[in-house]
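Summary of the model geometry
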Protein chains: 2
Amino acid sequence: MLQMAPEEMRELAHHVTDILVGRVEGLRSGRAWEGDFKDALAQRLDEDPPETGRPALDVIDRAVQDVLTNTLRLDHPRSFGFVPTCPTWPGVLADFMVSGFNVNVASWIVASGPSQLEEVVVGWFQSWFGLPEGAGGLMTSGGSAAALHAFVAAREAAGNPDRPVAYMSDQSHSAQIRAARIVGIAPDRIRVLPTDAAGRIDPGAVSAAIIADRSEGCTPTVVCANAGTAAAGAVDPLPELAEVCAAEGVWFHIDAAYGGFAVLAPRGAVALEGIERADSLNIDPHKWLFQPYEAGCILVRDAGTLEHAFSIGHDVLQDAVWGTRHANPADRGIQLSRSFRALKVWMSIQAFGMAAFRAAIDNGLDLAERAAEYVRDSSTLELVSASLSIVCFRINPGDLSEDALTDVNREALARILWGERAFLTSTMVNGQFVLRLCIINHNSTWDDVRETLQAVERYAAEATGSSSTTGTD
Amino acid sequence: MLQMAPEEMRELAHHVTDILVGRVEGLRSGRAWEGDFKDALAQRLDEDPPETGRPALDVIDRAVQDVLTNTLRLDHPRSFGFVPTCPTWPGVLADFMVSGFNVNVASWIVASGPSQLEEVVVGWFQSWFGLPEGAGGLMTSGGSAAALHAFVAAREAAGNPDRPVAYMSDQSHSAQIRAARIVGIAPDRIRVLPTDAAGRIDPGAVSAAIIADRSEGCTPTVVCANAGTAAAGAVDPLPELAEVCAAEGVWFHIDAAYGGFAVLAPRGAVALEGIERADSLNIDPHKWLFQPYEAGCILVRDAGTLEHAFSIGHDVLQDAVWGTRHANPADRGIQLSRSFRALKVWMSIQAFGMAAFRAAIDNGLDLAERAAEYVRDSSTLELVSASLSIVCFRINPGDLSEDALTDVNREALARILWGERAFLTSTMVNGQFVLRLCIINHNSTWDDVRETLQAVERYAAEATGSSSTTGTD
């Protein structure tokens, strides 16, 4: 009923291959952003499911034309908004293989090969981040789920206290706040502490808050540091925070979803020093490790903390423990049925080797440094911050009010979205509306970055009535 | 650095296609289960990442040989253990396309076409389950994550009480208990109520427990019913539970991960009557809707309850709301970066049509009924329960003690695992160790089921020293 003949299966797969490879070939010459408004798309797509089938080739073509091309091309070399990713082809093929083999990495009896390979890949991550023997982890859907795992483990490690408190900076990602709320940390016990001009939390303030909370009968449960804020790439003072957590006996979680894999490049490792002291760490291979969505990971210093928090027996799973005197993957996290996310990481790294990955990460750090220099030298642009691969800046010809500056920058952003091949987004830094480049695509070149900045300068010139002024090249 | 030439990309994709199509062609003639022990696989797979790359074709072949074939073939027509799935080819191709297009369905600005298509597919589900206008939902990684969303929404709807209580049966899936614990419902406030011989909870007992808890200052927060227990396919009395929840003002969640899609077949719809009264519902298209992992879904009666629980603003996402006066997908759940799970459902249904899906679901119900009849007529097998597509039975020649029966059935299970093409698992029903068939594969035939039962009868005969006795065919 739902089966296809092998020849049709092959024909359809070749058709999809042609579309996907053609897409990659044409990526650079097209625009980074495409999209449409909800009403228009609803008109095109809202319909009841058909009673009888339609030719699969037509279904594929319609999915491409009406749906898949109405997206931001996150892997476009000029896609600098939010945190983009540019997956490798072996990573994409791995996802195809995982679906085709119908893999469920829940337990050893269901998937012994994939279970072991996930341990291998997570073991690589542990060693890159300097975690000790006895550490462990789990591939997750992404950074938000990984953070949630960390908060559950931290809460259980603290004995599931009545009045748990979490500490993070005002630059922490909303996923951390969401995770805290999900595990039952009341909003008024999530301490959002201010940051300095560089977007970094003050360890002394964390220590003081912990002591104050404890004196009021609350239980300090988790300190959540940033190893690369999403807004500005800021890295919290990790060694000092580790000291505070060790002294106070509080769980030390690090959100390294965006920035973590910078450790593979020497200057990134320097920037992220102290990351090896985390009790838990969330990282996203689907960001700076060039994997297709979804590929997140939670790492913990002591694998037992995850198993303690998540392992639950069940009669219908009693066969899952046959022949195993070790945890099954599903004992370490939220999911029971789980896709096989480690394969894409493994296949990519096997095919290209670590040297190529290091070089690709270095490329992002290089381009961000050059972008910061370019902005610094521009007469119409102002550099607001630069850390890891994120550069925040704004149009600032020097003679406009703060409100007017916000308007001009907002307008520039809109015009680039609609009129340029490039895509960037904005954020707030120190209360200022700024434009923001996140440069981590292995295909991005200096031309991509420079021409995007030049486009901003052109809008700056038009908006402020001055002539276009180009920085050094 | 991490780029491949188009010709190599095509060649590799064709190679993967040949492997996947060949696998499907050979599925029936091979064994359902393959696997190995951890030590053996560790010896084969544990190694550091290579510094330089290896030929991608070799990497693919090694992934297949050392990893992907060491798994239970969940889509084998004789794979009856746990809850299996058999994905359609358009569903598999959709996953390939989603990875290749690098889609992130976080928000409208990032993926407008996919955001709209997810609403379309979730809308189909809503109508199949009889949810009213104003309902909403979100595709999730699976049933565990979907249940977690329901528990968060229920807790927030109850005003985030200090002493929340959850109610479920002793047949509820461990994922429900895990979800309750994650959101901070203490283990001693998770009321696990006993079930009758058919595995169904008593609505009167739920009502009494709610009243008792309230009188002791606790806050009854969520009743979690089963629409198809994983152990035996039992359906809790949904209309009566809905009445209790309405009368007491408690959130009514239904776990329909395994059984939900039975509503598409007329007799399934009868069995699941009352499901339309849920406040929330978790369903798994990667089970009885024939999709590859991962495809779960949370549905809620009022979309606002999800948005209230999960929506969090963030500076770095401020551009995500441009041009939208409606929720973004990420406002409704845990994930921010999200893969595009709805595409596989949509492509499968477009290509085959609803009639084919209904027939495929009916096939599972048919085969389970015939299996139950076969067991009933067998002189060595005893029927313990049969509901939806799950048949629980045991070898019982009539003259053995309970302990001896457990040993004989355990041995039979082990011998089928190692010696037969088929795969089944066990569970506990009313304190008895039973064998269990979950029959939902659209490719399974009566021969597949009958020959599996005959194999159990053969082991029964050998173990008990009697001659093989075959039931009616």
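Given the structure is predicted, the values throughout are model-derived calculations rather than measurements.

1. Comments concerning the overall build of chain A
- Helix and strand content of chain A: 15 helices and 11 strands.
- For 473 residues, the compact-globule formula gives about 23 Å, and the C-alpha radius of gyration of chain A, at 24 Å, lands near that figure.
- On the principal axes, the C-alpha backbone points of chain A span a range of 75 × 70 × 45 Å.
- Per-residue burial for chain A yields a buried fraction of 67% across its 473 residues.
- Long-range contacts, defined as pairs at least 24 residues apart, comprise 73% of the intrachain contacts of chain A with a sequence gap of at least 6.
- For chain A, the exposed area adds up to about 14,700 Å²; of that, 48% sits on carbon and sulfur atoms.

2. Digging into the nonpolar core
- With 205 residues, the main nonpolar core has W89, F125 and L343 of chain A together with W89, F125 and L343 of chain B as its most contacted residues.
- Residues within four places of F125 of chain A in sequence aside, it is in contact with M139, F261, I283, P285, L289, C297, L299 and V345 of chain A.
- Counting 56 residues, the second-largest nonpolar core is a separate cluster that includes F151, I177 and V222 of chain A together with A153 of chain B.

3. As for unusual backbone geometry
- In this structure, E294 of chain A follows Y293 of chain A across a cis peptide bond, with omega equal to 0°.
- Checked against the element boundaries, E294 of chain A lands in the loop between β6 (280–283) and β7 (296–300).
- Even without glycine at this site, N102 of chain A takes up a positive phi of about 55°.
- Within the secondary structure, N102 of chain A sits in the loop between α4 (89–101) and α5 (112–128).
- Located in the positive-phi region is F82 of chain B, a residue other than glycine, with phi close to 45°.
- Assignment of secondary structure puts F82 of chain B in the loop between α3 (56–68) and α4 (89–101).
- We classify F82 of chain B as buried; its relative accessible area is 10%.

4. A closer look at the pattern of salt bridges
Residue and element names in this part refer to chain A.
- Following the criterion strictly, the structure yields 66 salt bridges over all chains and no others.
- One salt bridge in this structure joins K344 and D95, with 3.2 Å as the shortest N-O distance. Here D95 lies in helix α4 and K344 lies in helix α12 (residues 342–352), a separation of 249 residues in the sequence. Judged on exposure class, the residue K344 and its partner D95 are both buried.
- Two residues, D447 and R450, come together in a salt bridge whose shortest N-O distance is 2.6 Å.

5. Quick word on the sheet that holds strand β5 (residues 251–256) of chain B
Residue and element names in this part refer to chain B.
- Spatial ordering of the open sheet is given by β1-β7-β6-β5-β4-β2-β3, a layout of seven strands whose pairing is mixed. Each edge of the open sheet is held by one strand with a lone partner, namely β1 (136–140) and β3 (190–193). In this sheet, neighbouring strand axes are inclined to one another by 20° on average, regardless of whether the strands run parallel or antiparallel.
- Judged from the four bridges that link them, β5 and strand β6 (residues 280–283) form a sheet pairing that is parallel. Within β6, the position partnered with D255 by the bridge is N282.
- Sheet contacts for helix α5 (residues 112–128): β1, β6 and β7 (296–300); angle to β1, the most-contacted strand, approximately 110°.

6. Concerning the domain arrangement of chain A
Residue and element names in this part refer to chain A.
- Each assigned domain of chain A is listed here: domain 1 (96–352) and domain 2 (355–464).
- Using only C-alpha atoms to locate each centre, domain 1 and domain 2 end up separated by 31 Å.
- Between domain 1 and domain 2, the residue contacts involve 27 residues of the former and 22 residues of the latter.
- A per-residue breakdown of the area domain 1 buries against domain 2 is headed by R267, W288 and F290, which together make up 34% of the total.

7. A closer look at the relation of the copies chain B and chain A
- Of the transformation placing chain B onto chain A, the axial shift is 0.0 Å and the rotation is 180°, giving an RMSD of 0.0 Å. Each copy turns onto its partner about a two-fold axis.
- Comparing interface residues between copies, 99% of those in chain B also lie at the interface in chain A; the contact surface is shared.

8. Here's the deal with the environment of I416 of chain A
All names here are of chain A.
- With respect to the helices and strands, I416 occurs in helix α14 (residues 402–419).
- Given the relative accessible area of 2%, I416 is considered buried.
- I416 sits 383 residues away from W33 along the chain, and the two C-alpha atoms are 9.8 Å apart.

9. Observations regarding the interface of chain B and chain A
- Chain B puts 159 residues into the contact, and the matching count from chain A is 158 residues.
- With both sides pooled, the region where chain B packs onto chain A buries about 14,000 Å², and carbon together with sulfur makes up 65% of that total.
- A per-residue breakdown of the area chain B buries against chain A is headed by L2, F101 and R178 of chain B, which together make up 6% of the total.
- Between E119 of chain B and K38 of chain A there is a salt bridge whose closest N-O contact spans 2.9 Å.
- In this assembly, chain B and chain A are joined by 70 residue pairs in polar contact (both at pLDDT 80 or more).
- Top contributing element to the side of chain B that touches chain A by residue count: helix α1 (residues 6–26) of chain B, with 16 residues.

10. A short note on the packing of aromatic side chains
- Counted according to the given criterion, the structure contains 23 aromatic pairs over all chains.
- A centroid spacing of 6.3 Å and a plane angle of 80° characterise the contact between W128 of chain A and F261 of chain A, whose relative ring orientation is edge-to-face. Taken as a pair, W128 of chain A in helix α5 and F261 of chain A in the loop between β5 (251–256) and α10 (266–271) lie far apart in primary sequence, 133 residues in all. The pair formed by W128 of chain A and F261 of chain A is uniform in burial state, with each residue classed as buried.
- When the centroid spacing of 6.1 Å and the interplanar angle of 40° are considered together, the rings of F82 of chain B and F423 of chain B count as tilted. One end of the pair, F82 of chain B, is in the loop between α3 and α4; the other, F423 of chain B, is in the loop between α14 (402–419) and β10 (425–429), and 341 residues separate them in sequence. Residues F82 of chain B and F423 of chain B agree in their burial class; the two are buried.
- By way of ring pairs, the aromatic residues W89 and F96 of chain A together with W89 and F96 of chain B are connected into one cluster.

11. Quick notes on the state of the cysteines
- All chains considered together, the criterion is met by zero disulfides over all chains.
- Of all cysteine sulfurs, the one in C224 of chain A lies closest to C297 of chain A, which takes part in no disulfide; the gap is 16 Å.
- Overall, C297 of chain A belongs to the buried group, its relative accessible area being 0%.
- Of all cysteine sulfurs in the structure, the one in C392 of chain B sits closest to C438 of chain B, which takes part in no disulfide; the separation is 9.6 Å.
- Taking the relative accessible area as the measure of exposure, C438 of chain B reaches 0% and is therefore buried.

12. Re the sheet that holds strand β9 (residues 390–395) of chain A
Residue and element names in this part refer to chain A.
- Pairing within the open sheet is antiparallel, and its four strands lie in the order β8-β9-β11-β10. Two strands bound the open sheet, and with one partner strand each, they are β8 (381–387) and β10 (425–429). Between one strand and the next, the sheet's axes are offset by a mean angle of 35°, whatever the strand orientation.
- Judged from the five bridges that link them, β10 and strand β11 (residues 432–438) form a sheet pairing that is antiparallel. What sits directly across from T425, in β11, is R436.
- Together, β8, β9 and β11 form the strand contacts of helix α13 (residues 354–377), whose direction differs from that of β8 by roughly 155°.

Cut-offs used in this document
Residues numbered from 1 in each chain as written. Chains lettered and ligands numbered in written order. Predicted model: local features only at pLDDT ≥ 70, side-chain atom pairs only at ≥ 80, totals over all residues. Heavy atoms only, no water. Helix = DSSP H or I, 4+ residues; strand = E, 2+ residues; numbered from the N terminus. Rg over C-alpha atoms; globule rule 2.2 N^0.38 Å. Buried < 20%, exposed > 50% of the residue type's maximum accessible area, 1.4 Å probe, protein only. Contact = heavy atoms within 4.5 Å. Areas by Shrake-Rupley, 256 points an atom, 1.4 Å probe, with all protein chains shown as cover. Core = buried A, V, L, I, M, F, W, Y, C linked by side-chain atoms within 4.5 Å. Salt bridge = Lys/Arg side-chain N within 4 Å of Asp/Glu carboxyl O. Pairing = 2+ DSSP bridges. Axes fitted to C-alpha atoms, helices over the stretch in contact; angles between N-to-C directions. Domains from an automatic or database assignment. Buried area = accessible area lost by both parts, 1.4 Å probe. Least-squares fit on C-alpha atoms with pLDDT ≥ 70 in both. Polar contact = N/O pair within 3.5 Å; in protein donor to acceptor, adjacent residues only side chain to side chain. Phe/Tyr/Trp six-rings, centres within 6.5 Å; stacked < 30°, edge-to-face > 60°. Disulfide = S-S within 2.5 Å.

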